Structure formats: C-alpha cells, structure tokens
Amino acid sequence: MATRIRPVASRPTAIYLRCYPCDTVRMLDFWQILERYSVESGLGEATLFMDNGRRSTEPLTALADLTRAVEAGVCETVLVPGPFVFSLDDAKAAATVRRLEEAGGRVVEMPRPPYSTAVPPVDAVAVC
C-alpha cells in the first residue's frame, strides 16, 4: 500500500486546524492569523491541513496526512492555535504533539495577543 502525502505538502511549515462542529468563519480567522505569523516569523508560506467539522474521535485524514508529511521530513514546523485542535482531552492532545515531535516536527502554538489591564482614559461620559 502506498503512503499518501498531499502533493501540496511540499513546504517545511504546515498549519493544522480542526473544529467540531464545523465552523468555517473561525477556521478562516485562525488560518489567516497563522499564515501571517508563518510568513512574518520567517517560516514562509504554510501548507494547510484541516479536519473541520470532525470530532477528534473520528478518523482525522488531514492529521494523518500531516503526520506522514512530518515523518517523511517534508514538514518541519506545525502551527496550531493550541493543542485543543488535536483533542479537547488534554492527555490525547499532548500525545499527538509528542507523536509529531518524535517524528521530527516542531509544534508551535499561535502567539497570544498582549492584553492590558489598564483602563483606557474616558474623554466624556454619556448619560442616558
């Protein structure tokens, strides 16, 4: 049986996304943020692997393709919004991260925006 790697998996950087139930808008947001982060951090353009609309208990074909690409040395860095994309069960998510890292990949979480605890100044108060 031949191992199938998506032909577009020729870049050293990949993005993996999964959401259940299917959420196209949120996935597009994450994809755009991670793609921009990949380019701006010097990793270049990334190949997208997405199992949108699938439960983590179902066969995740894109994750399987990504894992094979990492094992084959095609993908070196995997960008994710967080390990929750692999599973909502922390132990299972950590096991997937470990499996990708043992295969030679590096899993990088999306950077979090800085949050300020300072209250912005109020110029005027509207009374209703």
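Just above sits the structure.
Conventions used here
- Residues numbered from 1 in each chain as written.
- Predicted model: local features only at pLDDT ≥ 70, side-chain atom pairs only at ≥ 80, totals over all residues.
- Heavy atoms only, no water.
- Buried < 20%, exposed > 50% of the residue type's maximum accessible area, 1.4 Å probe, protein only.
- Helix = DSSP H or I, 4+ residues; strand = E, 2+ residues; numbered from the N terminus.
- Pairing = 2+ DSSP bridges.
- Right-handed = clockwise from strand over helix to strand, strands pointing away.
- Lys, Arg positive; Asp, Glu negative; His and termini not counted.
- Salt bridge = Lys/Arg side-chain N within 4 Å of Asp/Glu carboxyl O.
- Polar contact = N/O pair within 3.5 Å; in protein donor to acceptor, adjacent residues only side chain to side chain.
- Contact = heavy atoms within 4.5 Å.
- Axes fitted to C-alpha atoms, helices over the stretch in contact; angles between N-to-C directions.
- Phe/Tyr/Trp six-rings, centres within 6.5 Å; stacked < 30°, edge-to-face > 60°.

A. Geometry of the pairing of strand 3 (residues 77–80). Side chains T77 and L79 project from strand 3 onto one buried face, and the interleaved V78 and V80 project onto a second face that is buried too. Note that strand 1 (residues 13–17) and strand 3 share 3 bridges and pair parallel. Bridge pairing in strand 3 links I15 to L79. Once the chain exits strand 3 it traverses helix 3 (residues 90–102) before rejoining the sheet at strand 4 (residues 106–109), and the crossover so formed is right-handed.

B. View of the side chain of D51. Within the secondary structure layout, D51 lies in the loop between strand 2 (47–50) and helix 2 (61–71). For D51, which is buried and forms no salt bridge, the nearest opposite charge comes from R54, at a distance of 4.2 Å. Within polar-contact distance, the side chain of D51 engages the backbone nitrogen of T61 at 3.4 Å. Once residues within four sequence positions are removed from consideration, D51 is found in contact with Y16, L17, R18, C19, L60, T61, A62 and L63.

C. Summary view of the sheet that holds strand 4. On the basis of which strands lie adjacent, the open sheet formed by 4 strands has the order 2-1-3-4 and parallel pairing. The open sheet is flanked by strand 2 and strand 4, the only strands paired with a single partner. Here the average twist between neighbouring strands, direction ignored, is 30 degrees. Bridge count for strand 1 against strand 2 is 4 bridges, and the pairing is parallel. Paired with L17 across the strands is M50, a residue of strand 2.

D. Fine view of the environment of A62. When you line up the elements, A62 lands in helix 2. Linking A62 and D51, residues 11 residues apart in sequence, is a C-alpha distance of 5.8 Å.

E. How the structure looks around the packing of aromatic side chains. Counting across every chain of the model gives 1 aromatic pair. Considering the side-chain rings of Y16 and F86, the 5.5 Å spacing of their centres and the 10 degrees angle between planes classify their relative orientation as stacked. Here F86 lies in the loop between strand 3 and helix 3 and Y16 lies in strand 1, a separation of 70 residues in the sequence. Side by side, Y16 and F86 carry an identical accessibility label, which is buried.

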